[in-house]
Each structure stands twice: as structure tokens, then as C-alpha cells.
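The lines below spell out each chain.
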Amino acid sequence: MEKKKILIRIGSLRHGGAEKVLVTFLKNLPKDKYEIDLLLNLYSGKYLAEVPSWINILYLNKGEMITTNRIQDIPKKAFRVIYQKLLKTFPKILYSLVLKNKKYDIEFAAIHGFRDEILNSPIKSSKKIVWIHNDLRKTQFHNYTDEEIRKFFGFDKIMVISEQIQKDFENLAQNKDEKSRIVRIYNPLDTDEILKKSDVSTSLSMANHHPIFVSVGTVFPQKGFDRLLKVHKKLLDEGYQHRIQIIGDGYDFENIKNLKTELGIDETAEMLGFTENPYPHFKAADFYILSSRYEGFPTVLFEAITLKKNIIATDVSGVKEMLEEGKLGLIVENSEQGIYEGMKKALTNPEFFEQYQERLKTYQMPFNLENSVNKIMKIIDEL
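Residues numbered from 1 in each chain as written. Predicted model: local features only at pLDDT ≥ 70, side-chain atom pairs only at ≥ 80, totals over all residues. Heavy atoms only, no water.

**Student:** Even after reading the chapter, I still don't get the overall build of the protein, so can you show me in this structure?
**Tutor:** For the protein, the helix and strand inventory stands at 16 helices and 13 strands. Computed over C-alpha atoms, the radius of gyration of the protein comes to 22 Å, within 12% of the 21 Å expected from 2.2 N^0.38 for 383 residues, which places it in the range of a compact globule. Summarising its shape, the C-alpha atoms of the protein cover approximately 65 × 50 × 40 Å along the three principal directions. Total accessible area on the protein is roughly 17900 Å²; 49% of this is exposed by carbon and sulfur atoms. Averaging the positions of the 57 positive and the 53 negative side-chain charges in the protein gives two centres separated by 5 Å. (Helix = DSSP H or I, 4+ residues; strand = E, 2+ residues; numbered from the N terminus. Rg over C-alpha atoms; globule rule 2.2 N^0.38 Å. Areas by Shrake-Rupley, 256 points an atom, 1.4 Å probe, with all protein chains shown as cover. Lys, Arg positive; Asp, Glu negative; His and termini not counted. Charge placed at Lys NZ, Arg CZ, Asp CG, Glu CD.)

**Student:** Just to check I follow, could you spell out the sheet that holds strand E9 (residues 243-247) for this structure?
**Tutor:** Remark on secondary structure: sheet strands pair via backbone hydrogen bonds, oriented parallel or antiparallel. Strands sit in the order E10-E9-E8-E11-E12-E13 across an open sheet of six strands; the sheet is parallel. A strand with exactly one partner marks an edge of an open sheet, and here the two such strands are strand E10 (269-273) and strand E13 (330-332). On average, each strand axis in the sheet is tilted by 20° relative to the strand beside it, whichever way the strands run. Relative to E13, strand E12 (residues 310-314) is paired through three bridges, and the arrangement is parallel. If you follow Thr314 over to E13, its bridge partner there is Val332. Taken strand by strand, helix H12 (residues 299-306) contacts strand E8 (212-216), strand E11 (287-290) and E12, and its axis lies near 170° from that of E11. Across the face of the sheet, helix H14 (residues 336-348) comes into contact with E8, E9, E11, E12 and E13 while running at roughly 150° to E13. (Pairing = 2+ DSSP bridges. Axes fitted to C-alpha atoms, helices over the stretch in contact; angles between N-to-C directions. Contact = heavy atoms within 4.5 Å.)

**Student:** In this structure, what is going on with the packing of helix H9 (residues 225-237) against helix H10 (residues 253-262)? I would like to understand it.
**Tutor:** Viewed as axis vectors pointing N to C, H9 and H10 meet at an angle of 10°, and their least axial separation amounts to 10 Å. By the angle between their axes, H9 is roughly parallel relative to H10. Of the residues in H10, those in contact with Phe225, Asp226, Leu229 and Lys230 of H9 are Ile256, Leu259 and Lys260. Its residues assigned to classes, the contact of H9 with H10 comprises four nonpolar, no polar and three charged. (Parallel < 35°, antiparallel > 145°, perpendicular 65-115°, else oblique. Nonpolar A, V, L, I, M, F, W, Y, C, P; charged D, E, K, R; others polar.)

**Student:** How should I be thinking about the environment of Leu172 in this particular structure?
**Tutor:** Mapped onto the secondary structure, Leu172 falls in helix H6 (residues 163-172). Spatially, the C-alpha atoms of Leu172 and Asp146 are 7.3 Å apart, while their sequence positions differ by 26 residues. Those residues in contact with Leu172 that lie beyond four places of it in its chain are Arg137, Asp146, Ile149, Arg150, Phe153 and Glu178.

**Student:** Teacher, can you tell me more about unusual backbone geometry here?
**Tutor:** In terms of backbone geometry, most residues other than glycine have negative phi values and most peptide bonds are trans. One non-glycine residue, Lys100, lies in positive phi territory at about 55°. Here Lys100 shows up in the loop between helix H3 (91-97) and strand E4 (106-109). Exposure remark for Lys100: the relative accessible area of 64% places this residue in the exposed category. In this structure, Asn101 is a non-glycine residue whose phi angle is positive, near 60°. Along the chain, the position of Asn101 falls in the loop between H3 and E4. (Buried < 20%, exposed > 50% of the residue type's maximum accessible area, 1.4 Å probe, protein only.)

**Student:** Help me understand the sheet that holds strand E1 (residues 4-10) in this model?
**Tutor:** With parallel pairing, the seven strands of this open sheet are ordered in space as E3-E2-E1-E4-E5-E6-E7. Taken across any chain shown, the strands that pair with only one partner, and hence form the sheet edges, are strand E3 (56-62) and strand E7 (182-184). Strand after strand, the sheet turns through a mean of 20° between neighbouring axes, direction not considered. As defined by bridge partners, strand E6 (residues 157-160) adjoins E7 across three bridges and the pair is classed as parallel. Among the inter-strand pairings, Ile158 is bridged to a residue of E7, identified as Ile182. Sitting on the sheet, H6 touches strand E5 (127-132), E6 and E7, and the angle it makes with E7 is about 170°. Seen against the sheet, helix H16 (residues 369-382) touches E1, strand E2 (34-43), E4, E5, E6 and E7 and runs at an angle of roughly 120° to E1.

**Student:** What am I meant to see in the side chain of Ser121 here?
**Tutor:** Topologically, Ser121 is positioned in the loop between helix H4 (115-119) and E5. A relative accessible area of 0% places Ser121 in the buried class. One polar contact links Ser121 to Glu107, side chain to side chain, over a distance of 2.7 Å. From its side chain, Ser121 meets the backbone nitrogen of Ile123 in a polar contact 3.0 Å long. Non-local contacts of Ser121, meaning those with residues more than four positions away in its chain, are made with Tyr95, Glu107 and Lys128. (Polar contact = N/O pair within 3.5 Å; in protein donor to acceptor, adjacent residues only side chain to side chain.)

**Student:** Before we go on, may I ask you to explain the nonpolar core in this structure?
**Tutor:** One recurring pattern in soluble globular proteins is that nonpolar side chains are buried together. One finds Leu13, Leu22, Leu38, Ile158, Phe169 and Tyr288 to be the most contacted residues of the largest nonpolar core, which totals 80 residues. Considering every element that reaches this core, the biggest residue donor is H16, with six residues. Apart from the residues within four sequence positions on either side, Leu13 is in contact with Glu19, Leu22, Val23, Leu38, Leu40, Ser44, Gly45, Lys46, Tyr47, Leu48 and Val51. Formed by 29 residues, the second largest nonpolar core is a distinct cluster that contains Leu228, Ile244, Ile256 and Leu263. (Core = buried A, V, L, I, M, F, W, Y, C linked by side-chain atoms within 4.5 Å.)

This is how it looks when you write it as C-alpha cells:
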């Protein structure tokens, strides 16, 4: 049988959750079943090396993301923006020059930001899929209105990653056909790999072992690391000794690093940057803390659950579902005060978290990697 030809679009393969999930999915596909072109706006990212060799990687620009406004960087930055906007405005140029007029059976937006690029494809015969990883009401640069979210019903399948996002789309569906396009799929997560990687020894700075709170994520305002550092400072001032480790990189890295210095907490808060294997840090920490302002379905919590960590998480999309309404970890108000109260409870009453440890001992994930991959393959095969 002829292989289905699939085009997948995403910005880059830097260190975000959606990028990691996509690469995990690709790594677990059978290599003889599909013909896949992965089109990146920017050929960069730590996950590039993990993409299977049988997948054809194409790109619009090459090189690292430019996050500064230095004079010497402006021409290259401007060229990238203009070139990408040109190809978005005139998709026939992209499909003829970059994609060589290839005809695809499936066109797949791996994140919601590529909605218009896929829906405006000159290939009218292809089936179109979008993967929604965020609560669109509270995204980084653009909070979507009902009218904007309705545009996603132009896709043949809308893959959502949490119950909250699913309900939001279902409330906007105008008929049974639209409702049938929405499918909830847990993100593919390789729990065996997480457990194996967590056993790798690493040099952790653990002098005077005070309780350690670790947080992992791309350093964007969304992740609330500024709130986490301010709470850390407040608790230190009140005499509660502890340490913070933030693992991740992103355009806000320097701002958060500067805030850390301004608050005078360089000795107790570490920013470790991006690491390909954060799991030994998870394992060594006493608490995992999610300080996000908003999320879609924070897969990092399933990683913390896999490693049976004490969890404190702000009440954002997906958290109640993942932590079973607070049975597996402490859910706090989505505010600086909420984070403060959660961390203070951890420092003053650590035995409170024993109830979560008891439940985590026997907890079974509501999915496994194979089932998630098979479910997505089934969608592709049946379109």
C-alpha cells in the first residue's frame, strides 16, 4: 500500500513541551508506514538530533533564535520576519519553492500557531489536523476570542490535550459534525526513558541540604518564574531556609536571572539553563513546583508523577485533571499568594505531603506511550 504523505509544521525544535511531545511521537512511529516532511520556520533546537533519520526535515531559515535587539542582529532578524511573512501571505510560493509542489495527503499543525498556514494551504484535497497544547483563552501573545477559536473548525481533526480545552471547543461546536472533529489525546510520554534517565549521576550543588524546590520549563512569562523567585525571597526573609532550581531556557532567561540578582537570592536560587536530562534534578529535589500563569496540559507534571515527587501546582488548565482533583499533589491558587501558601506549607508541615506519596506508590498513568501514539496514528489512517 502506498505510504501516506504527511506535512508537519512547527516553529523550531527548541526546548518547549510541544516540541518535545512532537519528537517523542515521531520517534515512536513505524518508519515504513508514512512519508513525512517536517517543515520548521527555524532549523534550530536541542531536539533536532532526536528526529528519526527517515523523516525529511525542511526549513525556512537556519540558525539559533535571535532573542536580543543588538544592532548587528537586526538585519538578520528583519530578513527572517519578512521572509516568513511573505511565505505565509503567499503560500503558493512556499509550496512551489520549498516543498517542490509535493502533494500531501495530511497537513498537520503541530501547534495552534500554525492554524492559518495549514488552513490556507493551496492543497485543497489534503486532510488537515491541528494539535492544541494550550488554553487558547490565555496564550502568550494572543488571547483567542470565540470567533478566533471557531476558525479551528476548518480542520478535519482538532487534537486537544486536556478535558478543559476539550469542553471549551465542544461548547463552541455548532453541530454534531464539528463536535466529532474534537478528540482528546494524552501527550505521548516515555515513562521508561524518564525513569532510566533519572538514574544518571549528576553534580548537584546540595550544600547544607535545605529543602529544594525544582521547576522545569521554557523561561517565558507564562511559567511564572518571576512569581516563584519573589515568593522564595519572601520565605527566606521570614526565616524559612530552602533552595530553588529553575531548569530551562527561553527569551526571558536574562530578565529572570537579573531579577534573581536584584532580589539578592543568587546564593539560594539557581538557574541551570536547558539540560537534555533534567530528571536527576527532579529526583534529587524535595518538591516539584509548577508556578505557571496558564497552561494547556503541563506534561512536566506527569514527569514529576512518574518520579513520585511531592508536587505543588498553580490551578491552571490540566492540573486538576492530572492531579486527580488534588489527590496526587497540592493545588494552589493561581497567584503569588497561592504559591507562597503552598511553599510555606511544604516548609512548615512536610508531613502533609505523605498522603500524596502513599497514593503515588500505587498510581497508574491514565495512558501509556504506545496507546497515545496508536491513537494519533488511527486518526491519520482514517482521514
